[in-house]
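# Secondary and tertiary structure notes
Chain by chain, the residues run as shown.
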Amino acid sequence: MNDCSPTLGAIYAKWQEKGLFDCHPESDKPAFSIVIPPPNVTGNLHIGHALNYSLQDAICRYKRMKGFDVLWQPGTDHAGIATQMVVERMLAKEGVSRHDLGREKFLEKVWEWKAQSGGQIVNQLKHLGCSCDWRRERFTMDEGLSAAVRKVFVKMYKDGLIYRDKRLVNWDPKLQTAISDLEVVQKETVGKMWYFKYPLEGDASKFIMVGTTRPETLFGDTAVAVSDQDERYKDFVGKNVLIPIINKPIPVVTDEHADPEKGTGAVKITPAHDFNDFEVGKRHNLPLVNLLTKEAKLNENVPEKYRGMSPLEARPIVLEDIKALGLYDHEEDNPMTIPYGDRSDVIIEPWLTDQWFVDTSKLVGAAVDAVQKGDTKFIPDSWENMYYSWMENIQPWCISRQLWWGHQVPVWYGPDGKIFCEETEEEAKAAAEKHYGAATELTRDTDVLDTWFSSGLWAFSTLGWPNENDEHLKKYYPTSVLITGFDIIFFWVARMMMMSMYAMKQVPFKKIHLHGLVRDEKGQKMSKSKGNGIDPLEMCNKYGADALRFSLLIQEGSGRSVLMSEARVENYRNFTTKIWNAVRFCEMNECKKVEGFDLASVKLPVNKWIITKLSEAADTIAKWLDTYAFNEASNALYHFMWNTFCDWYLEAIKNIFYSDDEGAKAETRAVVAAVVDEMLKLVHPFMPFVSEELWDKTADRKEMLMETAWPALNAYEDKAVAENQDWIFNLVTTVRSVRSSVNIPAAAKITLKIKDATDAQHQNVESNAAILKSLAKVEDIQFVTETGAGEVAQVVDGMTLLIPLAGLIDVAKEKERITKDLQNVQAFVERTKAQLANAAFVSKAPEQVVADKRKALADSEQDIAKMQEVLKLLGA
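These numbers come from a predicted model, not from an experiment.

Conventions and cut-offs
- Residues numbered from 1 in each chain as written.
- Predicted model: local features only at pLDDT ≥ 70, side-chain atom pairs only at ≥ 80, totals over all residues.
- Heavy atoms only, no water.
- Helix = DSSP H or I, 4+ residues; strand = E, 2+ residues; numbered from the N terminus.
- Polar contact = N/O pair within 3.5 Å; in protein donor to acceptor, adjacent residues only side chain to side chain.
- Contact = heavy atoms within 4.5 Å.
- 1 Å grid on protein atoms, 1.4 Å probe; cavity = no way out; pocket = protein on both sides within 12 Å on 5 of 7 lines; lining within 4 Å.
- Points joined across faces, edges and corners; volume = space filled by probe spheres on them.
- Nonpolar A, V, L, I, M, F, W, Y, C, P; charged D, E, K, R; others polar.
- Axes fitted to C-alpha atoms, helices over the stretch in contact; angles between N-to-C directions.
- Parallel < 35°, antiparallel > 145°, perpendicular 65-115°, else oblique.
- Expected span 1.5 Å × (residues − 1).
- Buried < 20%, exposed > 50% of the residue type's maximum accessible area, 1.4 Å probe, protein only.
- Core = buried A, V, L, I, M, F, W, Y, C linked by side-chain atoms within 4.5 Å.
- Pairing = 2+ DSSP bridges.
- Salt bridge = Lys/Arg side-chain N within 4 Å of Asp/Glu carboxyl O.
- pLDDT = per-residue confidence, 0-100.
- Phe/Tyr/Trp six-rings, centres within 6.5 Å; stacked < 30°, edge-to-face > 60°.
- Lys NZ or Arg CZ within 6 Å of the ring centre and 35° of its normal.

Now for the side chain of Ser615. Examined against the element boundaries, Ser615 turns out to sit in helix α20 (residues 605-626). In terms of polar contacts, Ser615 uses its side chain to reach the backbone amide nitrogen of Asn714, at 3.4 Å. When sequence neighbours within four positions are dropped, the list of residues in contact with Ser615 reads Leu713, Asn714 and Glu717.

Right, dumping it as structure tokens:
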């Protein structure tokens, strides 16, 4: 079966046509709402998306079946940098740049691209089975969301929460925009630390030795910092030293940033090109000397010979010039990290520029309080401490980007630089006219907002805000849960909490379920360079969307990594095939739905047993889904389907199908049909395609499976009968185990003698004799009072099971074989223990070799215990 077949595509279309994904704010059903973490409009479905959206779809389908009015709010993110890069690359192939077109024409091209190629990922989500309310699909730059962005920005500006400041930012010289700390990737390398002298002004015989990894920035130095505890430099403090090459005097200051134990204890301070130095500069009121252009080339503030060079180009020349002056001392290898842009993959420069910032220090309080009070709960709750830690150490949020694609900052400037922040140009002009006393020409700020600013409003802007009377906002906000990867707890979750508490005075979601990342089967991060990635669309086409979904769902729990390989998906394709074949077996045995059949009328113990087990499974799966323990819910489903239903029940009832008892056949066929119906309901949230197709094929239906209610079978449970039946199946398992232990041929029929059975045990065996004989390959069951010669014995619940071995195996040969195997394993154990007791071996052997030997030892000791037990059974 392939979930991407035309049949299953038709199923999805029918779900949509019937409006089964639609929310109904007018209904009196309780609300369950969830907003999709909006994928980038440029994106394609990757395996991380597949995990995230499979989790959301499973919970939404389950909640609908439990009687909730579900809104799964879909949409895509305009992805400022990513989208602009895509369109610029497209134009470059035509020999055109965005600057050739100008801003207005370029944005037209972006919107054209979005209409033609953007949103491909939405179709891929449908391919996966996602049951979003597609009527309500939003885009972070649609008019409604744009209005929300403008309203929040203006309000925050007027409340003093947004301000413009000249500060150091992470500058991407390729994209020529500021980026956030979270968009910077730190790459480890071994660089150099260069040491050279800063002579004392007026006495060149004295100097301070400084170590730096960036000698080319010395032209921007405005101080040298030392510790006030460092006796070596106490005579320098308050005096000036000279910057090498340009001989510019700069002060020697004391500051906590200088560590006497690190390097020389003296630090060159370059406030315009280092974040730590920027803070030192603020503390000492040092001037800021910017050395770089927006392209990260050295500018007019350096000597002419270096102008136009990149920092890396200038570095060796600066070092040679320092050496020529006799000021160079030495160099050392220096393990370090270098910041790169996660999109551009170029070195990021700390650069001094005017940017817009959010004063997050004034927003974190409410967002932290909401979690502490329990208004929003993290699942698992271990993530709360990380959330608190990040919030406590939060920095001002740089929200401006020097791009063209995005929400343009709603700010206009008067001729004297006066700022007018309003939601529309008309309002800005009116404010300017009031200020100046006459109509005045204004110039709009060219920056756009960080994509995460609009994403931070997603939970309420998608529901109709700023129209506070929108019926969707009233019913579905706050949303019920946010399901997302832990890797964007800072990018998105924290910002949504801050922005929602500010704008709505309410949390954006009542619960936050953070899941782990998808890694390869060895636990390594997936990447193109490693060639270990899993393409979810390829897996869908090859094994079906249901198999992919289930392979992800059954592993997701407690935020741990999900380990994926194609073999796992193939394995769970086999599970979907097992379900299909089980239902087909039932059809072949004429198990058809009987209208009006009452489960309360069931008489046969094995049928009462499966009804009880089905009811328990429904409750167990519901319990785990209600707590977002997707792996536990999936395992409970898997165990019920594969073990309880297929391995036990279907095998147990074959005797009934092959018997002449027409009454038993009729009841069992009706029970099987009813159980299959309810069972498909359990399967549906996890594997919607195969369950819906089987639902359609097994009876004439008035409704689709997706429309049905979650099973509620508690009234039909018979715990006592089920317990008795469990005892019988445990008896079967014991007999099978004994047969296997003493090597009785699989096809051989045995005589089973039972000694010391209670009356209840006797009766239970008698009434289930057909099942016991069939499943344990028993020809005859005898109740005895004495043991006989040549019988293997096993005690179960106070009674003794006896299996005569005559004619089945050669007991002497079997004892000899097992004894020989036992001796070999015991010898291996002694050798391995000696090796592991040898300290020299353990210290020199690779760690994995030692671990493997310890495991082999433990396994072998278990094998010894088993063989000794078998020998005991054989009377050795």
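What follows picks up the thread again.
Which parts of space are left empty comes out when a probe the size of a water molecule is rolled across the atoms. On inspection of all chains with the given rule, the structure shows 1 cavity of 30 Å³ or more. Lining the largest cavity are Arg214, Glu216, Thr217, His273, Leu291, Leu292, Leu298, Pro311 and Glu349. Taken together, the residues of the lining of the largest cavity break down into 4 nonpolar, 2 polar and 3 charged.

It is worth spelling out the packing of α20 against helix α22 (residues 662-683) at this point. Contact pair α20 / α22: the axes reach a minimum separation of 10 Å and the direction vectors enclose 10°. Considering the angle they form, α20 stands roughly parallel to α22. Residues Asn607, Ile610, Ile611, Leu614, Ala617, Ala618 and Ile621 of α20 form the contact with α22, whose participating residues are Glu667, Thr668, Val671, Val675, Glu678, Met679 and Leu682. Partitioning the contact of α20 with α22 into residue classes produces 10 nonpolar, 2 polar and 2 charged.

We now examine helix α19 (residues 566-588). The end-to-end C-alpha distance of α19, which contains 23 residues, comes to 33 Å, matching closely the 33 Å that a straight helix rising 1.5 Å per residue would cover. Within α19 the residues assigned to the buried category are Val569, Tyr572, Phe575, Thr576, Ile579, Trp580, Ala582, Val583, Phe585 and Cys586. In this fold, the buried residues of α19 make contact with α17 (536-543), α18 (545-553), β25 (562-564), α21 (630-657), α22 and α23 (688-697). Just past α19, the residue Glu590 takes up positive phi, approximately 65°.

So, about the nonpolar core. Ranked by size, the top nonpolar core spans 211 residues in total, and within it Phe453 and Phe645 carry the most contacts. Of all the elements, α21 adds the most residues to this core, at 15 residues. When near neighbours in sequence (up to four residues on either side) are disregarded, Phe453 contacts Val149, Val152, Phe153, Met156, Ile162, Val358, Trp397, Ile399 and Met499. In this structure, Val226, Phe236, Val241 and Val318 belong to the second largest nonpolar core, which totals 36 residues.

Taken together, the 4 strands give an open sheet; going across it, the order is β6-β5-β14-β16, and neighbouring strands pair in antiparallel fashion. At either end of the open sheet lies a strand with only one pairing partner, and these are β6 (177-179) and β16 (397-398). Relative to strand β14 (residues 349-358), strand β5 (residues 162-172) is paired through 10 bridges, and the arrangement is antiparallel. Residue pairing in the sheet places Ile162 in a bridge with Val358 of β14. Along the sheet, helix α8 (residues 275-284) makes contact with β5 and β14, crossing β5 at roughly 145°.

Below, the discussion takes up the pattern of salt bridges. Per the stated rule, a full pass over the model turns up 56 salt bridges. Between Arg164 and Asp445 there is a salt bridge, and its shortest N-O distance comes to 3.7 Å. In this pair, Arg164 is assigned in strand β5 and Asp445 in the loop between β20 (443-444) and β21 (448-449), connecting sequence segments 281 residues apart. When its relative accessible area of 31% is taken as the criterion, Arg164 is described as partly exposed. For Asp445, a relative accessible area of 4% translates into the label buried. As a salt-bridge pair, Asp321 and Lys305 come within 3.0 Å of each other at their nearest N and O atoms. With Asp321 in helix α9 (residues 311-324) and Lys305 in the loop between α8 and α9, this residue pair connects regions lying 16 residues apart in the sequence.

Moving on: the sheet that holds strand β22 (residues 479-485). With respect to topology, 3 strands assemble into an open sheet ordered β15-β23-β22, the strand pairing being parallel. Whereas interior strands pair on both sides, the edge strands pair on one side only; in this sheet they are β15 (377-379) and β22. Averaged over neighbouring strand pairs, the angle between their axes works out to 20° when direction is ignored. As defined by bridge partners, β22 adjoins strand β23 (residues 509-515) across 6 bridges and the pair is classed as parallel. Across the sheet, Leu482 pairs through a bridge with Ile512, a residue of β23.

The next subject is the pairing of strand β29 (residues 799-804). Consecutive side chains along a regular strand alternate between the two faces of the sheet. Where burial is concerned, most of β29 is hidden: 5 out of the 6 residues are buried. Looking at chain direction, strand β26 (residues 750-755) and β29 are connected through 3 bridges and run antiparallel. Note that in β29 the partner of Ile754 across the bridge is Leu801. Bridge count between strand β28 (residues 791-796) and β29: 6 bridges; the pairing is antiparallel. Within β29, the position partnered with Val792 by the bridge is Ile803.

A few words now on the packing of α19 against α23. In contact at an axis separation of 11 Å, α19 and α23 are set at 10° when each is read in the N-to-C sense. Between α19 and α23, the angle falls in the class roughly parallel. For the pair α19 and α23, contact is made by Thr576, Ile579, Trp580, Val583 and Glu587 and by Val690, Glu693, Leu694 and Lys697, respectively. Of the residues in the contact of α19 with α23, the class split is 5 nonpolar, 1 polar and 3 charged.

Per-residue confidence for the protein chain gives a mean pLDDT of 93, with 99% of residues at or over 70. Ignoring residues within four places in sequence, the model shows residues 1-6, a span with pLDDT below 50, making 17 contacts including any to other chains.

Ring pairs (aromatic) are described by centroid distance and by the angle formed between their planes. Following the criterion strictly, the structure yields 39 aromatic pairs and no others. For the pair Trp648 and Phe729, a centre-to-centre distance of 4.7 Å together with 35° between the ring planes defines the contact as tilted. One end of the pair, Trp648, is in helix α21; the other, Phe729, is in helix α24 (residues 719-741), and 81 residues separate them in sequence. One aromatic cluster is present, built from ring pairs that chain together Phe550, Tyr572, Phe575, Tyr638, Trp642 and Phe686. Stacked on the ring of Tyr328, the Lys or Arg Lys323 has its end atom at 4.7 Å from the ring centre.

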